[in-house]
Amino acid sequence: MTTLTPILTKNWDQADSFTLAGYEREGGYRSLRTALGMAPDEIVQMVKDSGLRGRGGAGFPTGMKWGFLPAESPNPRYLVVNADESEPGTCKDIPLMMANPHVLIEGVIISSYAIKSNQAFIYVRGEVLHVIRRLQQAVAEAREAGYIGTDILGSGYDLDVVVHTGAGAYICGEETALLDSLEGFRGQPRLKPPFPAVSGLYGGPTVINNVESISSVPSIVENGADWFTSMGTEKSAGYGIFSLSGHVTRPGQYEAPLGITLRELLDMAGGIREGHRLKFWTPGGSSTPIFTDEHLDVPLDFESVGAAGSMLGTRALQIFDETTCVVRAVLRWSEFYAHESCGKCTPCREGTYWYKQMLKRLEAGQGKEEDLETLLDLSDNILGRSFCALGDGATSPVVSSIKLFRDEYLQHFEQGGCPFDPAKSTLWGGAK
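Residues numbered from 1 in each chain as written. Predicted model: local features only at pLDDT ≥ 70, side-chain atom pairs only at ≥ 80, totals over all residues. Heavy atoms only, no water.

**Q** A description of empty space enclosed by the protein should follow, citing residues and the corresponding values.
**A** Scanning the model with the defined rule gives one cavity of 30 Å³ or more in all. Estimated volume of the largest cavity: approximately 60 Å³. In terms of lining, the largest cavity is formed by 13 residues, of which the most central are Cys 342, Cys 345, Cys 348, Phe 387 and Cys 388. Its residues assigned to classes, the lining of the largest cavity shows eight nonpolar, four polar and one charged. (1 Å grid on protein atoms, 1.4 Å probe; cavity = no way out; pocket = protein on both sides within 12 Å on 5 of 7 lines; lining within 4 Å. Points joined across faces, edges and corners; volume = space filled by probe spheres on them. Nonpolar A, V, L, I, M, F, W, Y, C, P; charged D, E, K, R; others polar.)

**Q** With reference to specific residues and values, describe the sheet that holds strand S7 (residues 278-282).
**A** The strand order across the open sheet formed by five strands is S6-S5-S9-S7-S8, and the pairing between neighbours is mixed. Of all the strands in the sheet, the pair left with one neighbour each is strand S6 (252-257) and strand S8 (291-292). Taken together, the two bridges between S7 and S8 define a ladder with antiparallel strand orientation. Looking across to S8, one finds that Phe 280 is bridged to Thr 292. (Pairing = 2+ DSSP bridges. Helix = DSSP H or I, 4+ residues; strand = E, 2+ residues; numbered from the N terminus.)

**Q** Describe the packing of aromatic side chains, and please don't skip the residues or the numbers.
**A** Two numbers describe a pair of aromatic rings. These are the distance of the centres and the angle of the planes. With the rule as written, the count across this model stands at 17 aromatic pairs. Centre to centre, the rings of Tyr 78 and Tyr 202 are 5.7 Å apart; their planes meet at 70 degrees, and the pair counts as edge-to-face. Residue Tyr 78 is found in strand S1 (residues 78-83), and its partner Tyr 202 is found in the loop between helix H8 (175-182) and strand S4 (206-210); the two are separated by 124 residues along the sequence. Classification of Tyr 78 as buried rests on a relative accessible area of 12%. Taking the relative accessible area as the measure of exposure, Tyr 202 reaches 46% and is therefore partly exposed. Relative to Tyr 239, the ring of Phe 228 has its centre 5.5 Å away and its plane inclined at 70 degrees; by these criteria the two rings are edge-to-face. On the criterion of sequence distance, the pair formed by Phe 228 in helix H11 (residues 225-229) and Tyr 239 in strand S5 (residues 239-246) is long-range, its members being 11 residues apart. Tyr 239 matches Phe 228 in its accessibility class, with the two residues each being buried. A network of ring pairs unites the aromatic residues Phe 280, Phe 320, Trp 333 and Phe 405 as a single cluster. Note that Arg 315 overlies the ring of Phe 242, its terminal NZ or CZ placed 5.9 Å from the centroid. (Phe/Tyr/Trp six-rings, centres within 6.5 Å; stacked < 30°, edge-to-face > 60°. Buried < 20%, exposed > 50% of the residue type's maximum accessible area, 1.4 Å probe, protein only. Lys NZ or Arg CZ within 6 Å of the ring centre and 35° of its normal.)

This is the structure we're talking about:
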């Protein structure tokens, strides 16, 4: 696999890619016209046949999720787009919405039509004001052009789309916490069941999908399910945006078929920064177990990454070279999870706090080897016992780093402090 598949990113190099005119010039909203000539159930079946899996981290089949909506309900149906991207290292949805917001808008309209919803919400992280303004502009352009509103393109289908601004809480990336926030409550995960498909927003049947998932729908409608399954692997079909950041020569967004390897992506990105070597990396963001250079050739699809002991997640490939202290990196991630825990459940609220306290001491060389066993025991009391996946995600870097870099933890104890110079891992400190 040596080539990229620019589909969502194909017009990013155009100065007006974010405008309606720029999007229509590249064939934008052509898929919408096709979709409105189809029966809603046909579109649902097409998405099922394509094998599109959720691009927000979990990888749940998108068409199957749509199919969970009950046939009859006294309440309206809703489509909610999760645009609350905020995990360390995850940076695909924000540039997508900035450079090509209309592909998301078109995906929202088609998906809403497919699930027979007349109201859609795009829930955006409140801290990315530039993205919010761009989305609002795109929605206004689409409404003025007749793509949103009443009797869309003479089809008789009505849809309203609302861009909703969150308050900047990582927990609202969890779908039920997002719904609570959208309803005006404090963002905290709900007890399930009932699941959102049965009783979600305002008690109505609700589909919640990631930005990239919904943005992939127009290309499937235009080109067909077989086209989509021709890319990727048998169980992880299609393409995705891989975000390379950290100690890589050319960081950025690389859109490629699922199943590509980090080695191939690094070749296209110019490799690790000059004069250095790969030490460890995350295949799916900070909430996934870390990998090392031994995993360079693991196919980046849901099954292969899972079999290798991690998760594909959001394809946030954070690259760290040998100048990085793994204990310091895990501490920084743990500080994030402790800060972002909503506090609803004891394992996550207390566990992430103690992660932060213990790792601070260990990074300063003030701990002892027995503390590593305490950390692992603490992880066992968080994993699978938290109300939502935030607690589970917080354990991933801790457990995997102790497994892969136990000797480095011990070096901190033996030397009475961190053996790494933090300046060396910076852009200027690590230069040749």
